[in-house]
Amino acid sequence: MHRGITALLTAVLLTACATHPKTIVSNPTIKRIAIIPATNPVWYSFENAAPPIGYPFQYWVNKLDSKNKAKVFNESVHSSQSAPPQ
């Protein structure tokens, strides 16, 4: 049973690959290079976007918890960025 399915799938795969012509892609020509300075985001957010339908109390608990997690995370990111490298 498995050999039959394997043979059938192999035949289908080989015929599908044989019908696609090989395409020749030329190398792209670079005309302009944009220089974008690297900037760190000021504040990361972990807000819960679920609407307060059905469980409005849980929505507010999740929202406050997400804000607290975002505050803790951002404080740790900013403190590690301001610390001198060791």
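Here we summarise the structure given alongside this text. (Residues numbered from 1 in each chain as written. Predicted model: local features only at pLDDT ≥ 70, side-chain atom pairs only at ≥ 80, totals over all residues. Heavy atoms only, no water.)

1. Remarks on the overall build of the protein chain
The helix and strand tally for the protein chain stands at 2 helices and 0 strands. Across the 86 residues that make up the protein chain, the buried fraction comes to 7%. (Helix = DSSP H or I, 4+ residues; strand = E, 2+ residues; numbered from the N terminus. Buried < 20%, exposed > 50% of the residue type's maximum accessible area, 1.4 Å probe, protein only.)

2. Structural notes on the pattern of salt bridges
A full pass over the atoms with the stated rule returns 1 salt bridge. Between Lys 69 and Asp 65 there is a salt bridge, and its shortest N-O distance comes to 3.2 Å. Within this pair, Lys 69 and its partner Asp 65 are both found in helix α2 (residues 56-82), separated by 4 residues, close to a single helical turn. A relative accessible area of 35% places Asp 65 in the partly exposed class. (Salt bridge = Lys/Arg side-chain N within 4 Å of Asp/Glu carboxyl O.)

3. Regarding a nonpolar patch on the surface
Taken together, the side chains of Met 1, Ile 5 and Leu 9 present a nonpolar region at the surface, about 370 Å² in accessible area. Accessibility expressed as a relative area gives 79% for Met 1, which makes it exposed. (Patch = residues over 30% accessible without salt bridge, like charges linked within 9 Å, V, L, I, M, F, W, Y side chains within 5 Å. Areas by Shrake-Rupley, 256 points an atom, 1.4 Å probe, with all protein chains shown as cover.)

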